Amino acid sequence: MPKNKYSKSFEIALSAISCAVAVLFLTLGTLSGYLLATGYLVAQVALMVPLSKQFVWGDVLAYIGTVILALILGAVSAWWDIVPFIMFFGLHPLANFLQVKYKVNRWLALVIKMVWFDVTLYVMYILVFGGIMGGSFSDTAFFTFVNDYIWLFIIVCGSLFLWIYDYIMFKIQIWVNKIVYKIRK
C-alpha cells in the first residue's frame, strides 16, 4: 500500500511501538551482558516495523529515540555496549530498505556494508580492549599474534559473518513486512 494512505498518527503510533520494543530489549541486553546480542537482534527487528509501511522518518525517529532512551534507562553506565547498535545494528534495517528502494547493486551494497561492519568491529575492539586484547594474558604469543593481526581477523571473520547476517536480515524484513501488512490503520 502506498504511504499516502496512512495518517501521520498511524506512522507515529507504529514508530512508537517499534521504539518501545527496541528500547526494552536493548536495555535488557545492556543490563544483562548475556542478552546483549539478543537485545541487538530484537531491537533491529523492531526497527524494521516502520519500514514495512515505508515510514522512513518514523524509523529514523524510532532509532534516535531507542538510543536516547536506552542510554537513559541504564546503558549510560556501560555506553560502549550500545556502540555497535548505534554504529551499525540500529541503522542496518534502514540501509537495507534504501538499498531495495533505490535498486542499489546487491554486491556493491554488500561490500559497503562489510566495510561499515568491519569498522564497527574495529571501533569496538579499541573501546573494549583499548587496543590490547587479552588483558593479563596479553604477553603470551597467541594474544600478541591476535593483536598484531586483529584487522585481518576482523576483515575475514567480520565480512563472512555479515554476508550471512545480511541475508538473514533481508529474509526477516520480508517476514516482518508480511505480518505488518495485515495492519490496516
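Scoring rules and cut-offs
Residues numbered from 1 in each chain as written. Predicted model: local features only at pLDDT ≥ 70, side-chain atom pairs only at ≥ 80, totals over all residues. Heavy atoms only, no water. Phe/Tyr/Trp six-rings, centres within 6.5 Å; stacked < 30°, edge-to-face > 60°. Helix = DSSP H or I, 4+ residues; strand = E, 2+ residues; numbered from the N terminus. Buried < 20%, exposed > 50% of the residue type's maximum accessible area, 1.4 Å probe, protein only. Axes fitted to C-alpha atoms, helices over the stretch in contact; angles between N-to-C directions. Parallel < 35°, antiparallel > 145°, perpendicular 65-115°, else oblique. Left-handed = near helix turned anticlockwise from the far one by under 90°. Contact = heavy atoms within 4.5 Å. Nonpolar A, V, L, I, M, F, W, Y, C, P; charged D, E, K, R; others polar.

1. Side note on the packing of aromatic side chains
Here the distance between the centres and the angle between the planes together describe a pair of aromatic rings. With the rule as written, the count across this model stands at 15 aromatic pairs. Ring centres of Tyr 6 and Phe 55 lie 5.8 Å apart, and the angle between their planes is 85 degrees; on these two criteria the pair is classed as edge-to-face. One end of the pair, Tyr 6, is in the segment before helix 1 (8–31); the other, Phe 55, is in the loop between helix 3 (48–52) and helix 4 (56–72), with 49 residues separating them in the sequence. Phe 55 shares its class with Tyr 6; the two are buried. Geometrically, the ring pair formed by Tyr 122 and Tyr 125 is tilted, given 5.9 Å between the ring centres and 35 degrees between the ring planes. Taken together, the positions of Tyr 122 and Tyr 125, both in helix 7 (residues 106–129) and 3 residues apart, correspond to about one turn of that helix. You can call Tyr 122 partly exposed: its relative accessible area is 39%.

2. Focus on the packing of helix 2 (residues 36–46) against helix 9 (residues 150–181)
Two numbers describe how helix 2 lies on helix 9: the axes approach to 10 Å, and their chain directions differ by 45 degrees. The pairing of helix 2 with helix 9 is recorded here as oblique in orientation. Classified by chirality, the crossing of helix 9 by helix 2 is right-handed. For the pair formed by helix 2 and helix 9, the contact residues are Leu 41, Gln 44 and Val 45 on the first element and Tyr 165, Met 169, Ile 172 and Val 176 on the second. Across the contact of helix 2 with helix 9, the residue classes tally to 6 nonpolar, 1 polar and no charged.

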